[in-house]
Each structure stands twice: as C-alpha cells, then as structure tokens.
Amino acid sequence: MNPIISVKDVAKTYASGHVALKTVNLDIREREIFALLGPNGAGKTTLISIICGIVNPTSGTITVDGHDVARDYRACRSMIGLVPQELSTEMFETVWATVSFSRGLFGKKKNPAFIEKVLRDLSLWDKKDSRIMTLSGGMKRRVLIAKALAHEPRILFLDEPTAGVDVELRKDMWDIVRELRAGGVTVILTTHYIEEAEEMADRVGVITKGELILVQEKTELMHKLGKKQLTLELQQPLAAIPPALVAHKLELAPGGGALVFTYDTHADRTGITALLNDMREAGIGFKDLATSQSSLEDIFVDLVRHSK
Amino acid sequence: MNVEAVRAIYTFEMARWGRTLMQSILSPVLSTSLYFIVFGAAIGSRITQIDGISYGAFIVPGLIMLMLLTESTSNASFGIYFPRFAGTIYELLSAPISPLEIVLGYVGAAATKSVILGLIILATASLFVPIRIAHPVWMLGFLVLTAVTFSLFGFIIGVWADGFEKLQVIPMLVLTPLTFLGGTFYSIKMLPPFWQTVTLFNPIVYLINGFRWSFYEVSDVNIAVALGMTLGFLAVCLLAVWWIFKTGYRIKA
Ligand SMILES: Nc1ncnc2c1ncn2[C@@H]1O[C@H](COP(=O)(O)OP(=O)(O)OP(=O)(O)O)[C@@H](O)[C@H]1O
Ligand SMILES: [Mg+2]
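Residues numbered from 1 in each chain as written. Chains lettered and ligands numbered in written order. Predicted model: local features only at pLDDT ≥ 70, side-chain atom pairs only at ≥ 80, totals over all residues. Heavy atoms only, no water.

Draft legend 1. Expanded view of the overall build of chain A. When helices and strands are counted, chain A shows 10 helices and 14 strands. On C-alpha atoms alone, chain A measures out to a radius of gyration of 25 Å, which is more than a quarter above the 19 Å that the 2.2 N^0.38 rule sets for 308 residues. With the C-alpha coordinates of chain A rotated into their principal frame, the extents come out at 80 × 45 × 35 Å. Across the 308 residues that make up chain A, the buried fraction comes to 47%. Accessible area for chain A stands at about 14,800 Å²; split by element, carbon and sulfur atoms hold 51% of it. When the 39 positive and 40 negative side-chain charges of chain A are each reduced to one mean point, those points stand 5 Å apart. (Helix = DSSP H or I, 4+ residues; strand = E, 2+ residues; numbered from the N terminus. Rg over C-alpha atoms; globule rule 2.2 N^0.38 Å. Buried < 20%, exposed > 50% of the residue type's maximum accessible area, 1.4 Å probe, protein only. Areas by Shrake-Rupley, 256 points an atom, 1.4 Å probe, with all protein chains shown as cover. Lys, Arg positive; Asp, Glu negative; His and termini not counted. Charge placed at Lys NZ, Arg CZ, Asp CG, Glu CD.)

Here it is in structure tokens:
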C-alpha cells in the first residue's frame, strides 16, 4: 500500500541559524495512528508545520496521497486538518462562527448539519453560541479539534492534544481519536507521554534533536518491553561464560560477578528452569537473584541518550 | 479558485465590523461631520468661495478622502495583523487557499467597509452643505480605487507591523498630515509658489484633486496625472503584496 504521507530528506534550518530538523524521512500509512514522541525542542511541531504548509522546509520533498505539498498545495491541504499545539483562537468569535469559518476556508460548502454533528461529538453543542474567550482551556482545545474536523479531512494532525488536559478529558480525547480512525481518518499525534503513545498508536516514531531515531510498530516496542532480565549474583566470579551454559542467552556482568539472563515473558517457556538446571549440573552457585523489566520509558531514555 | 474561502474570509471580516458597528461607523461619521460644522460653517462664513464653490462644499471631497485613507489602512492592517498576533494565522497558511484569495477576502472586506463609510459621510455632508456631483461614475471610480489601494496598503502594514502601536503609526503620522497638507481645506493655488512646488510631491494632492474634480470639475493638477498616480500606487502595493507571499515575509518561518 502506498503511504498517504511521504516525507523525503526534509531538513529545516530556521532564519536564526537553528537546525530544527536534520534530514528526516518518514512514511505514514493510510488509516494508522502514528505517534511522534520526543522531548521539548525535538522538532515535532516543526515537522508537522512543514507538512501542513506553515513553515517552509529548507530542503526535501513531501507528498500527500501522491501530491507534492508545494506544487499541488490545494489538493494536499484540503485533505489535512491540523490541531495546533498553542491554543490560538479567535477569542471574540462564537464557537459556531469559528468552526463554520474553518469549513469555508477549506473550500467546503456550508453544511450546518455536519457542523452540528462535529460539535455534538466533541460535547461542544451547548457552547455553540459562547464566545471562545469564555471557555476553559480544555474546551478551547476541543474547539480547535472541531475546527480541524469541520472540512472532513482524511488526515488529522494533533500537536500535543493532551498537553494541559485532565485525565477525564484525555480519555475523551483518546476515544475521539479512535472513533476518527474507525471512520477512516489517518491520525498523526505528537506527545511527550509514553503512556499516550502506548495507549493510542499503531506505530511510534521517536524524534530528538531534529533526528528521527526510531520508527517502529508499537507491538514490536511492546515486545521489547515484554523482555525481562534475570540477574544472578554468583558465589564465585567467572572469567567467561562456561561452555555448559553457552546455549542460553546469557551475558556476563562486568567483573564477572553476575550472570544476566534475558527472557521473554510472553513466551510459553522462559527457559529459566533449564538454565538453573544447567547451572546446578555445572556446579555454578548463586547467592542472590533479581528480575527487572525495561519500560518504554527506559527504551526511550536510552535511545535519546545514545543519540547525544 | 477557492470561492468558498474568499466568501468565508469576506463574511467573517464583515461580521467583525458589524459587531463593532457603533465605533466603526459612528466615530468616523461623527468626526467628519464635526469638520463640516467647524470648518464649513465657522470658517466658511469668512472664506466664502474657492474656485466658485462654497467653502463648506469645497472641503467635502478632501474630508471623505481623509476618512477613506485612514479607515482603509487601519481596517485592513488590523484584519491581517490580528490573526498574526493571536496565532490563528496557522489556519490561513494551512488552508487550500492562494495568496490572491487571501488578499481578495481581507482587502475586499476592508475596501467594502470604506466605500460604505464614504457614501454615508457623503450623505451626511449633503445635510449640511449643498453638494453637486458632476461625474458620479468617476466619483465612484475614485472612491473604489482609493479604498482598494489603501486597503492593500493597510494589508502590507498589517504584515509588517510587530506591535499594535505600529498599526496606528502610519495612519496617524503619515496619512493624516499628508492629507491636511494635501489641499483638503484649501486650493494649493492659494499657497506661495515655493510651497506649491513642494506640495506637488505629496501624492495625496492627486487623490484629493481627482476626487474633487469628479464633484465640481475643478482641480489644481491635471486629472490624467491624478488618475495615473492613484493607479501607480495601486501597482506598487500589488507588487509589495506579491513579494510578501513569494518570500513569506513575516508570515512564514
Ligand atoms: N520560528 C522559529 N525560529 C527559530 N527557531 C525556532 C522557530 N520555531 C522553532 N524553533 C526552534 O526549533 C526547535 C524545534 O522546535 P519545535 O517547536 O519543532 O519543537 P517540538 O518538538 O515541537 O517541542 P515541544 O515538545 O516543546 O513542542 C526548537 O529548538 C525551537 O526553539
Ligand atoms: Mg511542539
């Protein structure tokens, strides 16, 4: 299947000389939920802004459903809805007016019934005649989502949809995203929260310092997450892994005082019993044991540290 | 052509104007009327006539011009500055809409407001002084042309400005003085020769005289030159707007 968005060798250096993106390549598949994960200043907003036409790339090309975003901007942009990170709204307008405006701006004929549906889905219907400045932050976030959905986009960008949002609203937001995907919309969201990526995404991309350092199926990441480590403190330090134990996935800790065994908790057999049997037969005793599990957080921190 | 988008921007801008109807119509109408009363009645009783036209009537075209220039400029500049300031410009930039359509929406709305205001003030003026319009079509032509040109000019200011105070600087410190010195209240023939020559470098002289000619068929300058100057300034503004969108100046990082 052709990617719905294809980012090729996109780089961005701002006028200030700051390099925000260094040669990013990324394909987004149709109807997936893609989470872009990264610390502050990683370049998430920059990447999204370039795809949406708000920032000019320094180099590289982007296609959306086969259309070049620079040359064929009308075709591309009418497919895309964007919910920005900042709560930028027309403060003095009513919810209804601003959402209807968005639909018109994207070239769609008026359709009050559809706008009503969007507002109802986002629990904004009773606020439709309120001025935006009178709404709470979470409600403003919903208004921005309504604006982005007003023209029935096939692709939705959510730049930190749950920043500054309480647990309740966050759950709502996740439900909304899932419903959209069920309706055939491709969703790309950015987040600082690993649980969010874990909860929502089909695939996760990790970006830091302008580099996309990892793109992976979430299940694959979860698989890594499912790995556990068994550390066996030995009675006598070893110089090398004895021949009797090489069949096992073992590592000798620095100094030789411990053996580290990595196993998969999801597998039918962890191999722990076999290992312990082999150790007893080889006469290797241990005085203590501990197990540990690496979280997505650990993987993430590890990746970010290694890329420094 | 994204007609829906132009319509959306245009109606959105007109609605914004409608909400503040009191200050947006009443205040220019009121201040211009005050000029008629103060200058037309008080001073007019002493000056009596210029070029065979009663003083009160003579100043009407210039005063409408003054209002047209300042209102067009500040209206259009605010229209585009505010989305930049509030950050809502992201939507404009991410929409399937061309620079031409953005300009049509914003400048079209600003120019419409100015033309409406101009006609209201003209109607108000006719209550105070006898007005004769010799060339109604030319009068409307100058009115629309000036409104469009200075709305474009305002759009440029709105993109250039990086603070609310800068929006006021040009209308207050450039346009108003130039209009006052451009023969709103007098015929430049009344000036000493040296100042007559200096005044001819003020582009607003041509706008006022072109407009006044369409009323009373009197002008201090050649009417073709007046029209040419207006069209020239329109061309300069169009070029500047084209450059803004080509380079993304102050709207796109
Ligand atoms: N207009 C600009 N001019 C200069 N530098 C900029 C501009 N916009 C962003 N930057 C810089 O580019 C880098 C990437 O910014 P970006 O907003 O893309 O990060 P981000 O990943 O979205 O961060 P956050 O999680 O905080 O939203 C930052 O160092 C930022 O300071
Ligand atoms: Mg960001």
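Draft legend 2. Examining the side chain of Thr98 of chain A more closely. Residues and elements named next belong to chain A. Tracing the chain through its elements places Thr98 in helix 3 (residues 95-105). Reaching out from Thr98, the side chain makes a polar contact with the side chain of Glu90 at a distance of 2.5 Å. For Thr98, the contacting residues outside a window of four places in its chain are Glu90, Glu93, Ile132, Val143 and Lys147. (Polar contact = N/O pair within 3.5 Å; in protein donor to acceptor, adjacent residues only side chain to side chain. Contact = heavy atoms within 4.5 Å.)

Draft legend 3. Seen up close, the side chain of Thr32 of chain B. Residue and element names in this part refer to chain B. Secondary-structure assignment places Thr32 in helix 2 (residues 21-47). Owing to a relative accessible area of 3%, Thr32 belongs among the buried residues under this scheme. Residues contacting Thr32, with those up to four places away along its chain left out, are Leu63, Met67 and Ile121.

Draft legend 4. Spotlight on the packing of aromatic side chains. On inspection of all chains with the given rule, the structure shows 24 aromatic pairs over all chains. On the basis of an interplanar angle of 40° and a centroid distance of 6.2 Å, the ring pair of Trp138 of chain B and Phe142 of chain B is categorised as tilted. Within this pair, Trp138 of chain B and its partner Phe142 of chain B are both found in helix 6 (residues 136-160), separated by four residues, close to a single helical turn. With a relative accessible area of 42%, Trp138 of chain B lands in the partly exposed category. A connected cluster of aromatic rings, assembled from ring pairs, spans Phe92 of chain A together with Phe78, Tyr81, Phe82, Phe85 and Phe164 of chain B. Lying across the ring of Trp125 of chain A, Lys128 of chain A places its NZ or CZ 5.1 Å from the centre. (Phe/Tyr/Trp six-rings, centres within 6.5 Å; stacked < 30°, edge-to-face > 60°. Lys NZ or Arg CZ within 6 Å of the ring centre and 35° of its normal.)

Draft legend 5. Quick peek at the packing of helix 1 (residues 3-19) of chain B against helix 2 of chain B. Residues and elements named next belong to chain B. One way to put it is that helix 1 packs onto helix 2 with a least axis distance of 4 Å and a crossing angle of 75°. Put simply, helix 1 runs roughly perpendicular to helix 2. Counted together, Trp17, Gly18 and Arg19 of helix 1 and Leu21, Ser24 and Ile25 of helix 2 form the full contact between these two elements. For the contact of helix 1 with helix 2, a count of residues per class yields three nonpolar, two polar and one charged. (Axes fitted to C-alpha atoms, helices over the stretch in contact; angles between N-to-C directions. Parallel < 35°, antiparallel > 145°, perpendicular 65-115°, else oblique. Nonpolar A, V, L, I, M, F, W, Y, C, P; charged D, E, K, R; others polar.)

Draft legend 6. Summary view of the pattern of salt bridges. Residue and element names in this part refer to chain A. Summed over the entire model, instances satisfying the criterion amount to 25 salt bridges over all chains. A salt bridge links Glu217 to Arg29; its shortest N-O distance comes to 2.8 Å. In this pair, Glu217 is assigned in strand 10 (residues 211-217) and Arg29 in the loop between strand 2 (19-28) and strand 3 (33-37), connecting sequence segments 188 residues apart. The class for Glu217 is partly exposed, based on a relative accessible area of 27%. Judged by its relative accessible area of 39%, Arg29 is partly exposed. (Salt bridge = Lys/Arg side-chain N within 4 Å of Asp/Glu carboxyl O.)

Draft legend 7. Highlighting the site of ligand 1. Residues and elements named next belong to chain A. Every one of the 15 residues lining ligand 1 counts as a neighbour, but Asn40, Lys44, Thr45, Thr46 and His192 are closest to it. Separating an oxygen atom of ligand 1 from a side-chain N or O atom of Thr45 is a distance of 2.6 Å. Side-chain polar atom of His192 to an oxygen atom of ligand 1: 2.7 Å apart, as the coordinates give it. Starting from 630 Å² of accessible surface for ligand 1 in isolation, the protein chains cover 68%. Classifying every residue of the shell around ligand 1 gives four nonpolar, nine polar and two charged. (Near = heavy atom within 4 Å.)

Draft legend 8. Fine view of the domain arrangement of chain A. You can read the domains of chain A as domain 1 (5-223) and domain 2 (227-294). Taking only C-alpha atoms, the centre of domain 1 of chain A and the centre of domain 2 of chain A are 46 Å apart. (Domains from an automatic or database assignment.)

Draft legend 9. Main features of the layout of surface pockets. The calculated volume of the largest pocket comes to roughly 1,100 Å³. In terms of lining, the largest pocket is formed by 43 residues, of which the most central are Gln23, Glu71, Ser74, Asn75 and Phe78 of chain B. Listing elements by their share of the lining of the largest pocket, those giving two or more residues are helix 3 of chain A together with helix 1, helix 2, helix 3 (55-86), helix 4 (89-94), helix 5 (99-128) and helix 7 (164-180) of chain B. If you tally residues by element for the lining of the largest pocket, the top one is helix 3 of chain B, at 12 residues. (1 Å grid on protein atoms, 1.4 Å probe; cavity = no way out; pocket = protein on both sides within 12 Å on 5 of 7 lines; lining within 4 Å. Points joined across faces, edges and corners; volume = space filled by probe spheres on them.)

Draft legend 10. Structural view of a nonpolar patch on the surface. Residues and elements named next belong to chain B. The grouping of Leu30, Leu34, Ile37, Val38, Leu127 and Phe128 at the surface amounts to a nonpolar patch, some 610 Å² of accessible area in total. Elements that contribute at least two residues to the nonpolar patch include exactly helix 2 and helix 5. Examining the composition of the nonpolar patch, we find that four residues originate from one element, helix 2, more than from any other. Turning to its location among the elements, Val38 is positioned in helix 2. (Patch = residues over 30% accessible without salt bridge, like charges linked within 9 Å, V, L, I, M, F, W, Y side chains within 5 Å.)

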